[in-house]
Amino acid sequence: MTRSSYKWWQRGVIYQIYPRSFQDSSGNGIGDLNGIIQRLDYLNDGTPNSLGVDAIWISPFYPSPMADFGYDVSDYCDVHPLFGSLAHFDHLVQAAHQRGIKVIIDYVPNHTSDQHPWFIESSSSRDNPKRDWYIWRNGRTDGGPPNNWGSFFGGPAWTYHAPTGQYYLHQFLKEQPELNWRNPEVRAAMFDVLRFWLARGVDGFRMDVIGLILKHPELRDNPPNPHLPPDLLPNDLAARTLMVHNLDQDDVHEILRKMRQLLDSYGDCVAIGELWGPLDRWVRYYGAQGEGLHLPFNFRLMDEVAWTAESIRASVDEMEAALPPFAWPNYVLGNHDRIRLATRFGGQAQACLAAMLLLTLRGTPTLYYGDELGLENGVIPPEKLQDPQGLNLGAARSRDVARTPMQWDASSYAGFSSVEPWLPVSADYETRNVAAQTAVPTSILNLYRRLIWLRRSSDALAIGAYQPVDAPRSCFLYWRSAPSERRLIALNFSDRVQQVQAPGLSNGRILLSTHLDRTDRVTAVLSLRPWEGLIIAPEEGIHD
Ligand code: GLC
């Protein structure tokens with residue numbers, strides 16, 4: 001198969017935009033859709049001066065009281081005035097498509113806002129026709145909530161509603177009541193939401209906590225967690241139980257199959273799901289024959305793996321081995337719910353190596369805005385804390401650190417806004433910004449650009465097979481092989497110089513170093529500087 005016979009979401013690179021923090025065009029300190037339009041050329045203007053991404057995924061921009069910064073939707077079919085209007089959205093889709101950029105939007109099916117008209121109706125009386133659109137139950141006979149489930153944001157997953165004398169389920173904030181996907185009317189209404197955006201020309205959806213939409217029909221108690229984390233907070237009830245009955249129910253796959261059919265009927269639209277779980281459960285989200293999600297997000301390198309060559313290789317190999325032939329891999333190293341990649345991996349050199357890893361593995365990479373600048377965790381003074389997870393579970397759990405404004409240039413507020421932004425701009429913005437890094441040939445931004453454009457021009461990197469090779473401690477080496485070309489990737493996850501024997505290579509040329517300062521020829525023994533990664537094109541003598 002040639003590169004062109006692969007789908008755009010297989011060949012391409014996805015870039016996540018957290019719209020509050022990308023570009024403010026209206027002067028209120030909060031990013032908006034117009035701001036994204038203004039920055040599209042940065043993302044891809046068709047030349048290697050731009051980042052070169054193929055798709056943007058935009059986190060929620062819907063009307064919302066913003067209890068969870070847009071993941072509490074009060075109208076699925078409109079745009080919050082803070083972000084613009086449907087007309088701005090249509091313009092964004094058109095402007096993105098003109099540049100060959102696909103548009104993926106966030107779909108939040110598990111819960112609405114408590115201000116959504118559906119919930120207002122549902123909570124108005126026990127016999128309201130929409131009562132069963134949400135999950136209402138009586139308390140236990142001995143008092144207290146219907147079961148022992150906890151909210152991921154702290155406290156119980158149930159809130160008592162005095163006017164109607166029942167509890168409703170919310171595994172996030174009490175302002176995020178959960179829809180009852182066992183009710184066919186809910187399914188129909190939520191499928192209509194997909195149709196609404198498909199008709200406006202979107203190219204796919206990132207489905208928020210999609211594994212949660214069905215719970216056990218009897219809402220059974222979860223078993224206790226025998227391995228309580230040492231730093232367990234008193235109100236972290238979710239961590240006290242094993243997630244058995246509140247997510248990953250077998251019948252969810254039937255719903256995903258139908259969603260997929262709907263998307264397929266609109267062309268090459270991608271279905272991406274936010275999912276966790278052990279590999280054997282996770283892989284089922286592709287569907288038994290590939291009729292499920294195209295890309296169940298793979299968070300293993302972000303969430304589970306120590307930053308060593310050995311554990312990263314083990315994770316990649318296990319995932320590759322678990323995939324059926326029809327399933328396409330993908331990798332995520334950062335998003336709006338985790339600390340910044342450069343902070344987690346220990347610095348800028350490590351962030352550069354992470355970039356090469358992410359953009360040379362087999363499978364679709366998803367980048368998080370600002371990681372291409374090596375942004376580190378923002379420092380948020382306690383009085384500026386915004387994230388409800390941080391407010392409820394302690395500042396150490398605040399996701400604000402990864403949501404600070406994009407740093408465009410050295411002007412006030414980093415070129416993000418003309419007024420003080422909703423979260424503080426990081427102190428390093430005068431040097432760590434798009435304009436400054438563009439001018440420095442060896443910057444991490446230029447590394448990202450080179451990596452993405454190299455990937456775009458290379459069959460081996462875009463679609464080639466993945467073959468790891470044995471390497472000394474702290475090094476990770478793999479071939480990417482397409483019928484037309486092969487590339488060797490050699491990554492040094494240590495602060496020491498490493499001499500590495502490269503099996504299958506006798507002579508080659510360095511196409512790219514993470515240090516962006518060498519393109520020399522190499523032989524079978526490679527010399528890797530601390531935290532250096534190389535992409536090598538073999539020139540002769542390739543052995544299998
Ligand atoms: C997902 C989102 C997160 C949000 C949560 C509840 O995990 O990524 O930001 O808080 O769902 O919607």
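Residues numbered from 1 in each chain as written. Predicted model: local features only at pLDDT ≥ 70, side-chain atom pairs only at ≥ 80, totals over all residues. Heavy atoms only, no water.

A. Structural context of the nonpolar core. In this structure, Tyr15, Leu43 and Trp181 are the most contacted members of the largest nonpolar core, which totals 148 residues. Considering every element that reaches this core, the biggest residue donor is helix H12 (residues 348–360), with nine residues. Every residue in contact with Trp181, bar those within four places of it in the chain, is listed here: Tyr107, Pro109, Val186, Arg187, Met190, Phe191, Ile213, Leu214, Ile255 and Met259. Counting 15 residues, the second-largest nonpolar core is a separate cluster that includes Val500, Ala502, Ile510 and Val522. (Core = buried A, V, L, I, M, F, W, Y, C linked by side-chain atoms within 4.5 Å. Buried < 20%, exposed > 50% of the residue type's maximum accessible area, 1.4 Å probe, protein only. Helix = DSSP H or I, 4+ residues; strand = E, 2+ residues; numbered from the N terminus. Contact = heavy atoms within 4.5 Å.)

B. The site of the ligand, seen in detail. Around the ligand sit 14 residues in total, of which Asp68, His111, Asp208, Glu274 and Asp337 are the nearest. At 2.9 Å from an oxygen atom of the ligand is found a side-chain nitrogen or oxygen belonging to His336. One of the side-chain nitrogen or oxygen atoms of Asp337 is found 2.5 Å away from an oxygen atom of the ligand. Its free accessible area being 300 Å², the ligand has 97% of it covered by the protein chains. Spatially, the ligand is embedded in the largest pocket. Partitioned by chemical class, the residues of the shell around the ligand number four nonpolar, three polar and seven charged. (Near = heavy atom within 4 Å. Polar contact = N/O pair within 3.5 Å; in protein donor to acceptor, adjacent residues only side chain to side chain. Areas by Shrake-Rupley, 256 points an atom, 1.4 Å probe, with all protein chains shown as cover. 1 Å grid on protein atoms, 1.4 Å probe; cavity = no way out; pocket = protein on both sides within 12 Å on 5 of 7 lines; lining within 4 Å. Sits in = over half its atoms within 2 Å of the grid points. Nonpolar A, V, L, I, M, F, W, Y, C, P; charged D, E, K, R; others polar.)

C. Structural context of the sheet that holds strand E5 (residues 158–161). Ordered by their spatial adjacency, three strands build an open sheet running E4-E6-E5, and the pairing between neighbours is antiparallel. With one partner strand each, in any of the chains shown, strand E4 (136–137) and E5 form the two edges of the open sheet. Where E5 meets strand E6 (residues 166–169), four bridges bridge the pair, whose relative direction is antiparallel. In the strand pairing of E6, His161 is matched with Gln166. (Pairing = 2+ DSSP bridges.)

D. Structural detail: the pairing of strand E1 (residues 14–17). Here E1 shows no split at all, with Ile14 and Gln16 on one side and Tyr15 and Ile17 on the other all buried. Taken together, the three bridges between E1 and strand E11 (residues 364–368) define a ladder with parallel strand orientation. Residue Tyr15 lies in a different strand from E11, and its bridge partner there is Leu367. For E1 and strand E2 (residues 55–58), the ladder comprises four bridges, and the chain directions are parallel. Residue Tyr15 lies in a different strand from E2, and its bridge partner there is Ile56.

E. Region of interest: helix H7 (residues 252–264). Taking 1.5 Å of rise per residue, the 13 residues of H7 would be expected to cover 18 Å, and the 18 Å separating its terminal C-alpha atoms lies within 8% of that figure. Those residues of H7 lying buried are Val252, His253, Ile255, Leu256, Met259, Arg260, Leu262 and Leu263. Buried positions along H7 lie against strand E3 (102–107), helix H6 (184–199), strand E7 (204–207) and strand E8 (270–273). (Expected span 1.5 Å × (residues − 1).)

F. Up close: empty space enclosed by the protein. For the coordinates displayed, the defined rule picks out two cavities of 30 Å³ or more. Taken as a whole, the largest cavity spans an internal volume of roughly 50 Å³. In terms of lining residues, the largest cavity is bounded by Leu275, Trp276, Gly277, Trp282, Phe297, Asn298, Phe299, Arg300 and Glu304. Grouping the constituent residues of the lining of the largest cavity by class yields five nonpolar, two polar and two charged. Computed from the structure, the second largest cavity encloses a volume of approximately 30 Å³. As for the second largest cavity, its lining consists of Trp149, Gly150, Phe152, Asn222, Ala238, Thr241, Met243 and Asn246. Its residues assigned to classes, the lining of the second largest cavity shows four nonpolar, four polar and no charged. (Points joined across faces, edges and corners; volume = space filled by probe spheres on them.)

G. Fine view of the domain arrangement of the protein. Taken domain by domain, the protein comprises domain 1 (3–112 + 183–217 + 247–452), domain 2 (113–178 + 218–246) and domain 3 (465–541). Placing a centre on the C-alpha atoms of domain 1 and another on those of domain 2 gives a separation of 28 Å. Between domain 1 and domain 2, the contact holds 31 residues from the first and 34 residues from the second. Of the roughly 2,600 Å² buried between domain 1 and domain 2, counting both surfaces, carbon and sulfur atoms make up 59%. Where domain 1 touches domain 2, the interface holds two salt bridges. Note that Arg397 is salt-bridged to Asp236, the shortest N-O span being 3.8 Å. (Domains from an automatic or database assignment. Buried area = accessible area lost by both parts, 1.4 Å probe. Salt bridge = Lys/Arg side-chain N within 4 Å of Asp/Glu carboxyl O.)

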